[in-house]
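Read off the chains here:
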Amino acid sequence: MNLFLLLLKGNGTQKRIEVGTNMKKILFITLLFLFTSCSKNESNWNYLFDGKNVKGLRGYKMETFPWNAWKIENGSLKTLPGKNGVDIISNESYKDFELELEWKLQTGGNSGVFYYATEQGDYIWQSAPEMQVLDDLAHQDRSRQVTSAGALYDLIAPKNKVLKPLGEFNSVKIRSKDYHVEHWLNDVKVLEYDYNSDELKRLINSSKFKNMTFFSKALSGQIGLQGDHGEVWYRNIRIRKL
């Protein structure tokens, strides 16, 4: 089978050139490399929730998933209003990772995405840094930038963030590599910091976490979602190790 390329000449006419055997090999190898790379990158992701199934998540300090406090609805994993809220946590621990998900809230809503979590304390927030999930228009935490949506809760304020209108999903990416952590909100990097650094320790000593023995101490930890602060929807929750 002969392979041809169409070249556009300066006068606007086309010229057909037969591709030689070597060029065919180069094109084949290039296409194979691109296909393999894309497949490998996609296969590296582990879906904790894909719209239908929950995998690798359970209740905080529980052995099973708390279906009495969460449910699957229209492709989202959401809390049940009026129930006793339960935070959820990953089975697996992570050091270098990239986490992606989407969230939306009702008016006045509040939740959070945790990482480097352990189950040493009574509550997940006693050990884990948190990316704040918040209705910045109505919840009282909006009054402080360090507790607004996208913030490293009570420690670092986000910058240049743009939130979707209430009721629409916001996309999140949290990336940690060699303890350099980035928060992304709707494809914008809103903050970055060095985990376990002297600067972070200084910020912790000036925050509500200063007397919490386990806070931000783990060198690897679990991913968590806050479920005890009202109604919240999450979807497309996936993570990969770096």
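Residue positions are given per chain, counting from 1 as you read along its sequence in written order. With pLDDT at 70 or above as the cut-off, local features in this predicted model cover only qualifying residues; side-chain atom pairs require 80 or more to be listed or tallied, and sums for whole chains, interfaces and linings still use all residues. No hydrogens and no water enter the side-chain calculation; it runs on all heavy atoms of the structure.

Draft legend 1. Structural detail: the overall build of the protein chain. Helix and strand counts for the protein chain stand at two helices and 15 strands. Expressed as a percentage of the 242 residues in the protein chain, the buried residues total 45%. Should any heavy atoms of two residues lie within 4.5 Å, those residues are considered in contact. Sequence separation of 24 or more characterises 62% of the internal contacts of the protein chain that already satisfy a separation of 6 or more. Where accessible areas are quoted, they stem from the Shrake-Rupley method and a 1.4 Å probe; at the residue level, only the protein chains shown are allowed to cover. Accessible surface, the protein chain: about 13,300 Å² in total, of which carbon and sulfur atoms supply 51%. Counting from the N terminus, the helices are DSSP H or I runs at least four residues long and the strands are E runs at least two residues long. Only protein chains enter the accessibility calculation, which uses a 1.4 Å probe; a residue is then buried when its area is under 20% of its type maximum, exposed when over 50%, and partly exposed in between.

Draft legend 2. Geometry of the layout of surface pockets. Using only the protein atoms, space was sampled on a 1 Å grid; points where a 1.4 Å probe fits but cannot get out form cavities, open sets with protein on both sides within 12 Å along at least five of seven lines form pockets, and lining residues are those with an atom within 4 Å of a point. Grid points are joined across faces, edges and corners, and a volume is the space filled by probe spheres set on the points. Roughly 150 Å³ of volume is contained in the largest pocket. Lining the largest pocket are 13 residues; nearest its centre among them are Glu130, Tyr153, Lys208, Gln226 and His229. Only strand S9 (110-117) and strand S10 (130-134) provide two or more residues apiece to the lining of the largest pocket. In terms of residue class, the lining of the largest pocket is made up of six nonpolar, four polar and three charged. In this classification, Asp, Glu, Lys and Arg are treated as charged, Ala, Val, Leu, Ile, Met, Phe, Trp, Tyr, Cys and Pro as nonpolar, and every other residue, Gly included, as polar.

Draft legend 3. Summary view of the pattern of salt bridges. A pair is scored as a salt bridge if a Lys or Arg side-chain nitrogen falls within 4 Å of a carboxyl oxygen belonging to Asp or Glu. Taken as a whole and assessed by the stated rule, the structure comprises 15 salt bridges. Residue Glu231 is joined to Lys78 by a salt bridge in which the shortest nitrogen-to-oxygen separation is 2.9 Å. Of this pair, Glu231 sits in the loop between strand S14 (221-225) and strand S15 (232-241) while Lys78 sits in strand S6 (residues 76-79), placing them 153 residues apart in sequence. Summarising the burial analysis for this pair, Glu231 and Lys78 share the class buried. The shortest N-O distance in the salt bridge between Glu92 and Lys241 comes to 2.5 Å. Note that Glu92 is positioned in strand S7 (residues 88-94) and Lys241 in strand S15, a separation of 149 residues in sequence. The class of Glu92 is partly exposed, set by a relative accessible area of 34%. Here the residues in one salt-bridge network are Lys95, Asp96 and Lys177, joined through shared partners.

Draft legend 4. Representation of the packing of aromatic side chains in the model. A pair of aromatic rings is counted whenever rings of Phe, Tyr or Trp (Trp by its six-membered ring) have centres within 6.5 Å, and the orientation is called stacked for planes under 30 degrees apart, edge-to-face for over 60 and tilted otherwise. Considering all chains together, one arrives at twelve aromatic pairs under this definition. Put simply, the rings of Tyr94, Phe97, Tyr115, Tyr116, Tyr179 and Tyr195 touch in pairs and so form one group of aromatic residues. We call a charge positioned over a ring when the NZ of a Lys or the CZ of an Arg lies within 6 Å of the ring centre and within 35 degrees of the ring normal. Lys95 extends its terminal NZ or CZ atom over the ring of Tyr179, reaching a point 4.7 Å from the ring centre. Across the ring face of Trp45, the terminal group of Arg238 is positioned such that the distance to the ring centre comes to 3.9 Å.

Draft legend 5. Here's a closer look at helix H2 (residues 198-205). Burial in H2 covers these residues: Leu200, Leu203 and Ile204. An end-on view of H2 places all buried positions within 100° of arc, on one side of the element. Facing away from the buried surface of H2 by more than 90 degrees, the exposed residues are Asp198 and Asn205. Among the structural elements, strand S13 (188-194) are those in contact with the buried residues of H2. Comment: arc refers to directions from the helix axis out to C-beta atoms.

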